[in-house]
Amino acid sequence: MSNGKILVVDDDKNICELLGLYLENEGYNVYSVNDGESAVREFQTFQPDLVILDIMLPRMDGWQVCREIRKVSEKPIIMVTAKGETFDKVLGLELGADDYIVKPFDPKEIVARIKAVLRRTHVSAATERKLVEYDKLSINLTNYEMKVDGKIVNTPPKELELIFHLASNPNHVFTRDQLLDEVWGFDYYGDSRTVDVHIKRLREKLEGVSDKWALKTVWGVGYKFDTAE
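Predicted, not measured: the structure shown is a model, and the values here were computed from it. (Residues numbered from 1 in each chain as written. Predicted model: local features only at pLDDT ≥ 70, side-chain atom pairs only at ≥ 80, totals over all residues. Heavy atoms only, no water.)

### So, the pattern of salt bridges
Moving on, step 1. Under the counting rule described, the total for this entry stands at 16 salt bridges.
Moving on, step 2. Note that R41 is salt-bridged to E42, the shortest N-O span being 4.0 Å.
Moving on, step 3. Between K75 and D49 there is a salt bridge, and its shortest N-O distance comes to 4.0 Å. Within this pair, whereas K75 is found in the loop between α3 (62–72) and β4 (77–82), its partner D49 is found in the loop between α2 (36–46) and β3 (50–54), the two being separated by 26 residues in sequence.
Moving on, step 4. By relative accessible area, which is 26% here, D49 ends up partly exposed.
Moving on, step 5. A cluster of three or more residues bridged by salt bridges with shared partners is formed by D10, D54 and K103. (Salt bridge = Lys/Arg side-chain N within 4 Å of Asp/Glu carboxyl O. Helix = DSSP H or I, 4+ residues; strand = E, 2+ residues; numbered from the N terminus. Buried < 20%, exposed > 50% of the residue type's maximum accessible area, 1.4 Å probe, protein only.)

What follows is the structure, given as structure tokens:
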């Protein structure tokens, strides 16, 4: 199963080939082009989940490619610049780039950046719609309602926000401190055992509901919403 589609835009065919090998090994479907005009055209055709975009390109530079893509899509873009070139971070942000990386780079770093950006955008999309659904489970932050097997289960606000956060980031392990920061907020000075108490209450409501997901403890680290996906 593909982890998603990546469009690599670079006039250096060796870089395209190297990234293609690494990304395909990570389970991504990769398509490469070597100039700006082709990038804009193939973005529409290939419909990638993320674009790796070099700035210095023939026919149309990366800045203009970014502008053209942002006219039609909010898909994440990681911009690439060669060491020594001037990279205007402010301009990149204004144009809608999600991240940038400097050549020469380690392909493993590119893979890590891609995963991080895709995770952020996935969470952002989930937060915007305020609804997460799995087998026999629906968590809705619009009306603060959790349904288990089609039935509304009484869930206090922080419990619901906690399970929503975990379920929006499937298979991602969070420490107790991370959950306190991201669910309770940076201004919360409570004990990390607060998280344990809320997890315990959620487990009582969700235990055994489905074999396709589970609220799991990762010993010595924290918690995750485990799925087979």
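That covers the picture; the talk isn't over yet.
### Overview of the packing of aromatic side chains
Moving on, step 1. Applying the stated criterion across every chain, the model contains three aromatic pairs.
Moving on, step 2. Residues Y31 and F46 carry aromatic rings whose centres are separated by 5.5 Å and whose planes lie at 35° to one another, so their mutual orientation is tilted. Note that Y31 is positioned in strand β2 (residues 28–33) and F46 in helix α2, a separation of 15 residues in sequence.
Moving on, step 3. Judged by relative accessible area, Y31 falls into the partly exposed class, the value being 36%.
Moving on, step 4. Aromatic pair W213 and F225: ring centres 5.4 Å apart, planes at 15°, arrangement stacked. Taken as a pair, W213 in strand β11 (residues 213–218) and F225 in strand β12 (residues 222–227) lie far apart in primary sequence, twelve residues in all.
Moving on, step 5. Members of the aromatic cluster, connected to one another through ring pairs, are Y134, W213 and F225. (Phe/Tyr/Trp six-rings, centres within 6.5 Å; stacked < 30°, edge-to-face > 60°.)

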